[in-house]
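# Per-entry structural report
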Amino acid sequence: MEPKTSSADEEPSSSANGHSKPDLNGPLLPLAKRPRHGVCVASEFAHHETGMARLNNGSFGSCPASVLQAQAVYQRLFLAQPDKFYFDTLQPALERSRRALMPFIGLKDAESTEEVALVDNATTAAAIVLQHMAWQFTEGSFQKGDVVLMLHYAYGAVKKSIHAYVARAGAQVIEVPLPFPLSSPDDIIREFRNSLRLGNSNGRRVRLAVIDHITSMPCVVVPVRELVQICREEGVDQVFIDAAHAIGNVEVDVEAIGADFYTSNLHKWFFCPPAVAFLHSRKGRANSLHHPVVSHEYGNGLPMESGWIGTRDYSSHLVVPEAIDFVNKFEGGIEGIRKRNHEKVVEMGRMLAQAWGTDLGAPPEMSCSMVMVGLPGCLGIQSDSDALKLRALLREEYKVEVPIYYNSRRKVEAGEAGPTCVTGYARISHQVYNVEAEYFRLRDAVIKLVNDGFKCAMLSSTSK
C-alpha cells in the first residue's frame, strides 16, 4: 500500500525497515505552486571540493544535497527489498518523474508521457535513434548512399555513434562546416542550407539531420527551430536534436521545435544526479524506437524498455520531482535561474575578455549559461593536446577547472596567424553555486602566465 500524500513540511512516511518512502501519489504538475522557502546554496553544495573554482558545470552538472538525499532514499528502498521495489515502486516512480518533467519541455497532454523515455544520458538517446536509422538502411527503407547530416561541432561521441551505426549500415555522412567565432545565427543557417543542398544532390536524399541545440565545444546556441523548418521544406525524413545542454539552460519546447526526436540531459543544468536524460519522440515515432539493451520489455514501448533493462541503480531517474522542488525554491524557478546564469556568465565573460585583450566567441544572444572567451594568443595553443595540458595546469597549479578549446579552424590564410592570433578559448559556465571570485582567479592565473612568458610548448607532452 502506498504512503499517503504529505505536505512539504510534514515528515516523510517510513517503511517497516525504517527507510523514508517517496510519495508516488502526491500532486505532480502543481509543484511550481509550492511556497518558495529559499535555499542555502553553501550547504546544498558543501560536497564540492574546497578551494576549487568550478567553472565547468557544463560537462557534468552538479546535484544539490537535498536531491542526493532523496536519491539515497530510493537506493536504500531497493537494497532493502529489491523484489518489491522492482514490481511495486519502480514503474510508478518513473511515471511520476516523466509527468513532472512535461511542463518543462512544452508538453501539456497527459497522454504525452508515452512520448517521453528516461535514459542514462544524451549519448544513450543518440544510440537509440541512430540504431533506428541504421535498421532503415539495412532493411531497405533507405537507399545505400543516402545522407546523414550533422554539424562539424557535433559532440564527439555522437559523431562516432553516427559512423558506428548509420554509416556502417550504408549512409553517407556530411558535416556542416560551421565557422567560429560566430557573429549571428545567419552564419549557421547559411552553411546548413548549403550542406543540405549538397546532401540532396546527385540522386541522394538527406534521411536524417542531427542538430545540436547547444554545441559543446565551441559552445553556441543553435537556431534549432529555423533549422528544423528548413529540413521540413527540403524533405529531410527525420530530425534528431541533440540538446544535451539544453534543459535548465535555454527554453525547451519540443512541440514548437517540431523535431522527430529530442534529447537533453537532466544532470547538467537541471540539478539531477548523474546520469539521467529524457528522449522525446514525436507522435507516431515512439513505437519504432527500441533500447539497445534488449530486455523482457522489448516491444512494450521505449519508456518501459528503458525502465527495465536489468539490475541497476535507477535512482537518478526517480528524483526529477525533487530536483523540480529544488529549482522552485529560487525566485522565478528554472526560468529565473536561467536568466540570472546567462546574465552573470556574459558579464564574467566580458570581464575576462577585457582583461586578456580578446573577445567572446559568439554574441550574448547566441550564448546560454556558458560562453567562449578568447585566450591570449601568446600562450601558444597550437593543438588539442596543448589545450588539455593548459587545462590540467590551471586545475593543478591554480585550482581552476575550466575546459579549453583549440580553434583548429582559425583563418590563417586571412593573415591572423602569429603571436596575437587567438587560437584557444576558455568555456566558462555559471551555475547558482558560482561566485565572482572564481572568475577573478581564472583571470589572474592567465595574466600571470602571460606575464611570466609562459607558452604551451613549455609543458611536457606527458603532463596530465
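Residues numbered from 1 in each chain as written. Predicted model: local features only at pLDDT ≥ 70, side-chain atom pairs only at ≥ 80, totals over all residues. Heavy atoms only, no water.

An unreviewed UniProt entry lists the protein under the name Pyridoxal phosphate (PLP)-dependent transferases superfamily protein, with Rhynchospora pubera as the source organism.

### Topic: the packing of aromatic side chains
Within the structure shown, the criterion is met by 14 aromatic pairs. Seen in terms of ring centroids, Phe78 and Phe85 are 5.7 Å apart; in terms of plane orientation they differ by 70°. Their pairing is edge-to-face. Taken as a pair, Phe78 and Phe85 share a single burial class, namely buried. Consider the rings of Tyr86 and Trp308, whose centres lie 5.0 Å apart with planes at 70°: the pair is edge-to-face. Taken together, the residues span a long stretch of sequence, with Tyr86 in helix α4 (residues 82–101) and Trp308 in the loop between α10 (302–306) and α11 (315–318) at a distance of 222 residues. Here the aromatic cluster, defined as three or more aromatic residues joined through ring pairs, consists of Phe78, Phe85, Tyr86, Phe87, Trp308 and Tyr314. (Phe/Tyr/Trp six-rings, centres within 6.5 Å; stacked < 30°, edge-to-face > 60°. Buried < 20%, exposed > 50% of the residue type's maximum accessible area, 1.4 Å probe, protein only. Helix = DSSP H or I, 4+ residues; strand = E, 2+ residues; numbered from the N terminus.)

### So, the sheet that holds strand β2 (residues 116–119)
Two modes of strand pairing occur in sheets, parallel and antiparallel, and in both the strands are linked by backbone hydrogen bonds. As summarised here, the arrangement of the seven strands in space is β2-β8-β7-β6-β5-β3-β4, forming an open sheet in which the pairing is mixed. The open sheet has two edge strands, β2 and β4 (172–176), and neither has a second partner. Shown here is a sheet whose adjacent strand axes are inclined to one another by a mean of 15°, direction ignored. Here three bridges tie strand β6 (residues 238–242) to strand β7 (residues 261–265), and the two strands are oriented parallel to one another. Residue pairing for β7: Asp242 is matched across the bridge by Thr263. (Pairing = 2+ DSSP bridges. Axes fitted to C-alpha atoms, helices over the stretch in contact; angles between N-to-C directions.)

### Points about the confidence of the model for the protein
Averaged over all residues, the pLDDT of the protein equals 89, while 88% of them reach at least 70. The low-confidence segment residues 1–19, where pLDDT is below 50, has 30 contacts with residues more than four positions distant or belonging to other chains. (pLDDT = per-residue confidence, 0-100. Contact = heavy atoms within 4.5 Å.)

### Here's the deal with the pairing of strand β3 (residues 147–151)
Counting buried positions along β3 gives five out of five residues, so the element sits mostly inside the fold. Alternating residues of β3 divide into Val147, Leu149 and Leu151 and Val148 and Met150, and every residue in both groups is buried. Sheet analysis places β3 next to strand β5 (residues 206–212), joined by four bridges and oriented parallel. Bridge pairing in β5 links Met150 to Val210.

### Describing the sheet that holds strand β11 (residues 404–406)
Here three strands make up an open sheet; going across it, the order is β9-β12-β11 and the pairing antiparallel. Every interior strand has two partners, whereas the edge strands, β9 (370–374) and β11, have only one. Strand-to-strand twist in this sheet, taken as the mean axis angle between neighbours without regard to direction, amounts to 30°. Relative to strand β12 (residues 424–429), β11 runs antiparallel, the two being bridged by three bridges. Along β12, the bridge assignment pairs Tyr406 with Gly424. Here helix α13 (residues 333–356) sits on the sheet in contact with β9 and β12, set at roughly 5° to β9.

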